[in-house]
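What the coordinates show
Okay, here's what each chain looks like letter by letter:
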Amino acid sequence: MSGTTTAPPLEMGFEQHAVRGPLNAAFFRVMDPYIERKLRSIKQHLFNGLPRQVVEIGPGVGANLRYLPVASTLVAIEPNRHMHRPLTAAARQHGVRLDLWEFMAEQTGLPDDCADAVISSLVLCSVQDPDAVLTEVRRILRPGGTFRFLEHVAAPPGTMTRAAQRILRRPWAWIFEGCSCERDLERSLRSAGFRSITIDRYRVHTPFLPFNTHIAGIAQA
Ligand SMILES: C[S@@+](CC[C@H](N)C(=O)[O-])C[C@H]1O[C@@H](n2cnc3c(N)ncnc32)[C@H](O)[C@@H]1O
């Protein structure tokens, strides 16, 4: 992306974990067909008609590359080095040009108003500061550009799923490198100052209980 700058040092940093980093990269590679089956119908709708250059925050091993037009460019903001090799291989396989930056979504280093579309799936649960990430997404989107997101979120209070999320939150966060299954991301998204936003709530039926309550939507800058 032209005009890409070097992100100034952040006070927060991404921990490159020698064991959990490679384990998570392997987990998301192995689980990709399963997760894809569960989320395909939502993603087909969400990522329909993406432009030829897209910014993705936290692309991991490249689960969303299949939704990009062939020969398009993905500007990937992925701080976890363990994801980089499989992501690069997946981009090659899908015929997508990869512009990979080892930065955090809280401070991407991209210029103001540079993107027509920013996408993310299952990322705002893992970032250190979701509100800072949403401010950054708005900053890099051109007026009228869209942020398309799909996230797992806290279940409504008093439900069985919410109780399971409470019980499992610590091991879940440990295994999945800081992922929280208790975030009210709908509230963060609605208060992030986008010009308009649509959010759908839905349930994914899996034995991974903390992962069952989801939202997906499109916000316009
Ligand atoms: C659960 S994985 C999801 C990966 C991919 N989006 C998917 O749907 O399979 C979360 C991803 O967010 C990345 N991540 C964590 N903290 C981040 C941050 N502050 N900025 C950008 N990406 C981050 C992780 O490295 C990981 O690749």
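Our subject is the structure that appears above.
Residues numbered from 1 in each chain as written. Predicted model: local features only at pLDDT ≥ 70, side-chain atom pairs only at ≥ 80, totals over all residues. Heavy atoms only, no water.

Thoughts on the site of the ligand
In the neighbourhood of the ligand, 19 residues make up the surrounding shell, with Gly58, Glu78, Ala105, Glu106 and Ser121 lying closest. The side chain of Glu106 places a nitrogen or oxygen atom 2.9 Å from a nitrogen atom of the ligand. Contact with the protein chains covers 93% of the free accessible surface of the ligand, which is 590 Å². Partitioning the shell around the ligand into residue classes produces 12 nonpolar, 5 polar and 2 charged. (Near = heavy atom within 4 Å. Polar contact = N/O pair within 3.5 Å; in protein donor to acceptor, adjacent residues only side chain to side chain. Areas by Shrake-Rupley, 256 points an atom, 1.4 Å probe, with all protein chains shown as cover. Nonpolar A, V, L, I, M, F, W, Y, C, P; charged D, E, K, R; others polar.)

Details of unusual backbone geometry
The backbone of Ala71 shows a phi angle near 70°, a positive value even though the residue is not glycine. One can find Ala71 in the loop between strand E1 (53-57) and strand E2 (73-77). For Asp113, which is not a glycine, the phi torsion comes out positive at approximately 50°. By secondary structure assignment, the location of Asp113 is in the loop between strand E3 (97-101) and strand E4 (115-121). Under the relative-accessibility criterion, Asp113 is labelled partly exposed at 42%. (Helix = DSSP H or I, 4+ residues; strand = E, 2+ residues; numbered from the N terminus. Buried < 20%, exposed > 50% of the residue type's maximum accessible area, 1.4 Å probe, protein only.)

Section: the packing of helix H1 (residues 20-30) against helix H2 (residues 32-46)
For the pair H1 and H2, interaxial distance at closest approach is 4 Å and the crossing angle is 55°. Relative to H2, H1 is oriented oblique. Of the residues in H2, those touching H1 at Phe28, Arg29 and Val30 are Asp32, Pro33 and Ile35. For the contact of H1 with H2, a count of residues per class yields 4 nonpolar, no polar and 2 charged. (Axes fitted to C-alpha atoms, helices over the stretch in contact; angles between N-to-C directions. Parallel < 35°, antiparallel > 145°, perpendicular 65-115°, else oblique. Contact = heavy atoms within 4.5 Å.)

A closer look at the sheet that holds E3
On the basis of which strands lie adjacent, the open sheet formed by 7 strands has the order E3-E2-E1-E4-E5-E7-E6 and mixed pairing. Bordering the open sheet on either side are E3 and strand E6 (196-203), each of which pairs with just one other strand. Between one strand axis and the next, the sheet turns through 15° on average, direction left out of account. Where E2 lies against E3, 5 bridges are found, and the strand directions are parallel. Each residue of the ladder has a partner; that of Thr73, found in E3, is Arg97. Relative to the sheet, H2 contacts E4, strand E5 (141-152), E6 and strand E7 (213-220), its axis offset from that of E5 by approximately 175°. (Pairing = 2+ DSSP bridges.)

Topic: the pattern of salt bridges
All told, the structure shown has 13 salt bridges when counted by the stated rule. Glu136 serves as the salt-bridge partner of Arg139, at 2.8 Å between the closest nitrogen and oxygen. On the criterion of helical spacing, the pair formed by Arg139 and Glu136 is a turn pair, its members being 3 residues apart in helix H4 (residues 130-140). Residue Glu136 is classed as buried on the basis of its relative accessible area, which comes to 8%. Among the charged side chains, a salt-bridge network with shared partners connects Asp32, Glu36, Arg40 and Arg66. (Salt bridge = Lys/Arg side-chain N within 4 Å of Asp/Glu carboxyl O.)

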